[in-house]
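Spelled out, the chains give:
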Amino acid sequence: MIVANPDLHRLTIAQAGEEIKARRLSPVELTQAYLDRISSLNDHLGAYITVTGEQALSSARKAETEIQSGRYAGPLHGVPVAVKDIISTKGVLTSAGSKVLADNIPDHDSTIIERLNSAGAPILGKLNLSEFAIGGTIEHPYGTPRNPWNTMHSAGGSSSGSAVATAGGLAAGSLGSDTGGSVRGPSAFCGIVGLRPTYGRVTRHAVVPMCWSMDTIGPMTRTVEDCALMLRVIAGHDPRDSSTSVNLVPDYAASLRNAVRGIKVGLPNEMFDFNGVDPQIKAGSEKAITLLEELGVEAERISLPTSAQSGAVFLAIADVDSAEFHSDWIKTRGDDYDWSTRTRLESATLTPASAYLRAQRARELIRREMIEALGRFDVIIMPSSPTISPTIETATGSPGGYYQGRLDLSRRRYTSPAALAGLPSLSVPCGFSDEGLPMAIQIIGKPFAEETLFQVGHAYERATDWHAREPGV
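These lines cover the structure that appears in this document, whether it is placed above or below.

The rules behind these values
Residues numbered from 1 in each chain as written. Predicted model: local features only at pLDDT ≥ 70, side-chain atom pairs only at ≥ 80, totals over all residues. Heavy atoms only, no water. Phe/Tyr/Trp six-rings, centres within 6.5 Å; stacked < 30°, edge-to-face > 60°. Lys NZ or Arg CZ within 6 Å of the ring centre and 35° of its normal. Buried < 20%, exposed > 50% of the residue type's maximum accessible area, 1.4 Å probe, protein only. Helix = DSSP H or I, 4+ residues; strand = E, 2+ residues; numbered from the N terminus. Arc of directions from axis to C-beta. Polar contact = N/O pair within 3.5 Å; in protein donor to acceptor, adjacent residues only side chain to side chain. Axes fitted to C-alpha atoms, helices over the stretch in contact; angles between N-to-C directions. Parallel < 35°, antiparallel > 145°, perpendicular 65-115°, else oblique. Left-handed = near helix turned anticlockwise from the far one by under 90°. Contact = heavy atoms within 4.5 Å. Nonpolar A, V, L, I, M, F, W, Y, C, P; charged D, E, K, R; others polar. Pairing = 2+ DSSP bridges. Salt bridge = Lys/Arg side-chain N within 4 Å of Asp/Glu carboxyl O. Core = buried A, V, L, I, M, F, W, Y, C linked by side-chain atoms within 4.5 Å.

A look at the packing of aromatic side chains
- Summed over the entire model, instances satisfying the criterion amount to seven aromatic pairs.
- Taken together, the aromatic side chains of Phe-132, Phe-325, Trp-329 and Tyr-337 make up a single cluster linked through ring pairs.
- Geometry around Phe-274 places Arg-413 over its ring, the cationic atom sitting 3.8 Å from the centre.

In structure tokens:
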């Protein structure tokens with residue numbers, strides 16, 4: 001058995017990829033290093049539902065042979081990653097974090113898995129999540145994901161395991177899903193970079209849905225560069241998903257070299273001056289803006305009054321769509337759902353059609369407001385979350401805690417506008433609270449303008465060291 005270097009998990013995807021390409025690092029050694037950390041830490045952190053160690057090592061050995069024979073496939077070749085457990089994997093449990101799918105072993109891979117395999121990335125396993133990617137789970141059937149910076153605190157939802165694995169060094173990078181903030185929220189809480197791509201940029205073939213008109217799959221990494229590298233692998237048209245765009249996939253990493261001088265930034269008053277935003281979050285976000293201005297961006301305050309009401313609009317649409325998908329299971333398997341998930345889905349079935357239609361009309365107003373703002377500005381920047389990661393008790397109401405529903409709704413006003421408008425949005429770490437918990441800013445861009453988000457995020461990242469800090473696990 002190979003005993004791997006215990007510090008290999010500190011390498012970014014880009015760094016590991018360069019070492020592997022130059023044949024200074026074995027993909028097998030790197031994969032074993034991550035498997036060792038998973039074996040040591042996963043019971044404590046709750047990141048993985050299923051670990052596919054033998055498959056990952058087999059893939060790593062294949063990658064090593066290919067690279068040694070001159071068949072290098074790109075920057076993810078031989079670099080171990082993991083995926084959220086709503087992404088179908090042939091012969092491997094795809095549970096969606098629920099007892100309902102505890103026996104679901106797909107006979108095929110999703111397109112995303114096929115693309116990761118083609119890129120030569122060993123897949124370490126399937127990552128924990130809020131049940132069915134809905135959020136608010138009280139009792140996780142496969143263990144509660146815990147924030148690596150403080151395990152008494154929430155890792156966010158719903159891509160919690162993806163954030164924990166990436167921040168805790170249990171994978172070089174991961175994939176999550178973002179319907180209304182499920183990549184950006186956990187990324188902000190766990191101090192990593194997370195991207196919600198433009199709707200239609202990444203396929204959702206053979207992915208368990210939450211809301212068909214807003215679901216996206218996005219990378220969660222330790223750096224902006226890594227995020228750009230992962231997106232290029234998974235992006236692109238898929239004939240098995242009619243919602244995917246035929247737009248060509250650019251070399252996202254190339255945009256990182258561009259200066260940000262002259263980029264116009266809109267700062268929504270409703271998000272910075274909202275009385276529900278934590279003062280530390282506001283101060284950290286404003287410091288980030290000041291630094292970006294020193295780097296050459298031109299920032300201006302704007303107003304997005306309709307978008308500030310987006311949380312309720314999102315729930316009125318997404319929960320109803322999700323309830324329709326779950327309608328048969330709720331009738332026949334209701335007791336297998338977490339109480340919170342079941343309550344939310346059953347409540348959504350009582351939503352009048354008139355309310356759903358009004359929410360759809362409000363969604364169009366929000367989309368227009370965002371698009372019009374992005375006609376005047378290159379990006380919109382605001383906090384990723386108005387709050388710092390709460391305790392697990394506060395986040396779930398269990399054990400012995402009290403779930404703060406109003407707090408949850410206030411967080412949604414920050415992540416829902418991009419989701420409702422189908423826009424790309426990047427969460428980037430911007431500091432730490434007095435309690436040592438991460439904070440983040442969110443950069444929202446025009447449709448299919450992920451390069452601009454990476455450009456701005458990378459410029460900020462190079463001027464700070466937040467991304468280089470590690471939790472003590």
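So, helix α11 (residues 339-348)
- Listing the buried residues of α11 in full gives Ser-340, Thr-341, Arg-344, Leu-345 and Ala-348. Down the axis of α11, the smallest arc covering the buried residues is 125°, so these residues share one side.
- Sitting at the amino-terminal end of α11 is Asp-338, which places a side-chain oxygen 3.1 Å from the backbone nitrogen of Ser-340.

A word on the packing of helix α2 (residues 27-45) against helix α3 (residues 53-68)
- Look at α2 against α3: their axes get within 8 Å of each other, and the N-to-C directions meet at 160°. One way to sum up the angle between α2 and α3 is to call them roughly antiparallel. In this structure, α2 meets α3 at a crossing whose hand is right-handed. Across the interface between the two elements, Pro-27, Val-28, Thr-31, Gln-32 and Leu-35 from α2 touch Gly-53, Ala-56, Leu-57, Ala-60, Arg-61, Ala-63, Glu-64 and Ile-67 from α3.
- For the contact of α2 with α3, a count of residues per class yields eight nonpolar, three polar and two charged.

What about the pairing of strand β11 (residues 438-445)?
- When you tally the buried positions in β11, you get eight out of eight residues, the bulk of the element.
- Burial of the side chains of β11 extends over both faces: Pro-438, Ala-440, Gln-442 and Ile-444 are buried on one face and Met-439, Ile-441, Ile-443 and Gly-445 on the other.
- Pairing between strand β9 (residues 379-383) and β11: five bridges, direction antiparallel. Each residue of the ladder has a partner; that of Ile-381, found in β11, is Ile-443.
- Relative to β11, strand β10 (residues 425-432) is paired through seven bridges, and the arrangement is antiparallel. Directly across from Val-428, in β11, lies its bridge partner Ile-441.
- In this structure, the hairpin formed by β10 and β11 is closed by a connection of five residues, where Gly-436 is found at a positive phi of approximately 80°.

Examining unusual backbone geometry
- That bond from Gly-157 to Ser-158 is cis: its omega, 5°, falls within 30 degrees of zero.
- Positioned with a positive phi, Ala-133 is a non-glycine residue whose angle comes to about 60°.
- Locating Ala-133 in the fold gives a position in the loop between β3 (123-127) and α5 (160-167).
- We classify Ala-133 as buried; its relative accessible area is 6%.
- A positive phi angle, close to 60°, is found at Phe-448, a residue other than glycine.
- Structurally, the position occupied by Phe-448 is in the loop between β11 and α15 (450-462).

Observations regarding the pattern of salt bridges
- Under the defined criterion, the tally for this structure stands at 21 salt bridges.
- Where Asp-251 meets Arg-232, a salt bridge forms, and the shortest distance between an N and an O atom there is 3.7 Å. Within this pair, whereas Asp-251 is found in the loop between α7 (224-234) and β7 (264-268), its partner Arg-232 is found in helix α7, the two being separated by 19 residues in sequence.
- The exposure class of Arg-232 is partly exposed, given its relative accessible area of 43%.
- The partner of Arg-342 in a salt bridge is Asp-335, with the nearest N and O atoms 3.0 Å apart.

Notes on the packing of α7 against α15
- The contact between α7 and α15 brings their axes to 9 Å, and the two run at 155°. As summarised for this structure, α7 and α15 are arranged roughly antiparallel, according to the angle between their axes. On α15, the residues that touch Val-224, Glu-225, Cys-227, Ala-228 and Leu-231 of α7 are Glu-450, Phe-454, Gly-457, His-458 and Glu-461.
- Across the contact of α7 with α15, the residue classes break down as five nonpolar, two polar and three charged.

Description of the sheet that holds strand β6 (residues 216-221)
- The strand order β1-β3-β2-β4-β6-β5-β10-β11-β9-β7-β8 describes an open sheet built from 11 strands, whose pairing is mixed. The open sheet has two edge strands with one neighbour each: β1 (48-51) and β8 (298-302). Each strand axis lies, on average, 30° off the axis of its neighbour in the sheet, ignoring direction.
- On top of the sheet, helix α9 (residues 279-294) reaches β7, β8, β9, β10 and β11; it is set at about 55° to β11, its chief contact.

As for the pairing of β7
- Burial runs high along β7: four of the five residues are buried.
- Taken together, the five bridges between β7 and β8 define a ladder with parallel strand orientation. Within the sheet, the bridge partner assigned to Val-265 lies in β8 and is Ala-299.

Description of the nonpolar core
- Counting residues in each nonpolar core, the largest one holds 135 residues, and the members touching the most others are Tyr-48, Leu-116, Ile-381 and Phe-454.
- Filtering out sequence-adjacent residues up to four positions away, Tyr-48 remains in contact with Ile-38, Asn-42, Ala-82, Leu-124, Gly-125, Lys-126, Leu-127, Asn-128, Ala-165, Leu-170 and Ala-171.

Details of the environment of Glu-64
- With respect to the secondary-structure elements, Glu-64 resides in helix α3.
- The class for Glu-64 is partly exposed, based on a relative accessible area of 22%.
- Along the sequence, Glu-64 and Glu-270 sit 206 residues apart, while their C-alpha atoms lie 51 Å from each other.
- The residues touching Glu-64, leaving out its near neighbours within four places in the chain, are Ser-26, Pro-27 and Val-28.
- A polar atom in the side chain of Glu-64 sits 2.4 Å from the side chain of Ser-26.

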